[in-house]
Amino acid sequence: MAVSIQLTKEYGYVVLVLVAYAFLNFWMSFQVGKARRKYKVFYPTMYAIESENKDAKLFNCVQRGHQNSLEMMPMFFVMLLLGGLQHPTIAAGLGVLYTVARFFYFKGYSTGVPDNRLKIGGLNFLAILGLILCTASFGINLVIRETL
């Protein structure tokens, strides 16, 4: 038996959060590009080596902040889009929290002190957990065939 899903007006917020995160990702990639020039780490080098570059740790922290955000992006996008089908306003709110926290995660990491990423940026883990719960709720309701 098929289940039909109607996209509510509120699901638009979910989509807009996705777009906001895409802009954040572009911004982070530009920051990595600026750090490459500043610390003289040229392509295709992914991470600087401390024995070859005195600023390796500073560059690597900028690179790692973006790389970690890229690693988490597929899970964030899937949980946001699926969880938002049943809980659009909650998912959008959690998505905004995740996006803002990821900004601070990146900014903190970029200081060259990796622990700084967790000061405000650590809230991204709470947001992703909330999105996982929204998606689990959606999946459970699909299995038991409750009306969405």
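Parameters at a glance
- Residues numbered from 1 in each chain as written.
- Predicted model: local features only at pLDDT ≥ 70, side-chain atom pairs only at ≥ 80, totals over all residues.
- Heavy atoms only, no water.
- Patch = residues over 30% accessible without salt bridge, like charges linked within 9 Å, V, L, I, M, F, W, Y side chains within 5 Å.
- Areas by Shrake-Rupley, 256 points an atom, 1.4 Å probe, with all protein chains shown as cover.
- Salt bridge = Lys/Arg side-chain N within 4 Å of Asp/Glu carboxyl O.
- Lys, Arg positive; Asp, Glu negative; His and termini not counted.
- Charge placed at Lys NZ, Arg CZ, Asp CG, Glu CD.
- Helix = DSSP H or I, 4+ residues; strand = E, 2+ residues; numbered from the N terminus.
- UniProt positions renumbered as here; feature names shortened; annotations may be inferred.
- Phe/Tyr/Trp six-rings, centres within 6.5 Å; stacked < 30°, edge-to-face > 60°.
- Buried < 20%, exposed > 50% of the residue type's maximum accessible area, 1.4 Å probe, protein only.

**Focus: a positive patch on the surface**
On the surface, a cluster of positive charge is made up of Lys34, Arg37, Lys38 and Lys107. It is helix α1 (residues 11–39) that provides the largest number of residues to the positive patch, a total of three residues. Here Lys34 is to be found in helix α1.

**Some points on the UniProt feature "transmembrane region" (unreviewed entry) in the protein**
Mapped onto the present numbering, the UniProt feature "transmembrane region" (unreviewed entry) falls on residues 12–30, 76–105 and 125–144. Summarising residues 76–105: 97% helix, 0% strand, and an end-to-end C-alpha distance of 15 Å. A distance of 29 Å separates the end C-alpha atoms of residues 125–144, which is 95% helix and 0% strand.

**Some remarks on the packing of aromatic side chains**
Following the criterion strictly, the structure yields nine aromatic pairs and no others. Measuring from centroid to centroid gives 5.0 Å for Tyr21 and Phe76, while their planes differ by 55°, and the two rings are tilted. Remark: Phe76 occurs in helix α2 (residues 56–86) and Tyr21 occurs in helix α1; sequence separation between them is 55 residues. A single burial state applies to Tyr21 and to Phe76, both of which are buried. Both rings, one in Tyr21 and one in Tyr98, keep their centres 5.9 Å apart while their planes meet at 40°; by these two values the pair is tilted. Of this pair, Tyr21 sits in helix α1 while Tyr98 sits in helix α3 (residues 88–109), and the two are 77 residues apart along the sequence.

**A look at a nonpolar patch on the surface**
On the surface, a cluster of nonpolar side chains totalling about 560 Å² of accessible area is made up of Val96, Leu97, Val100, Phe104, Ile120, Leu123 and Leu126. Of all the secondary-structure elements, those providing two or more residues to the nonpolar patch are α3 and α4 (123–143). Here Val100 lies in helix α3.

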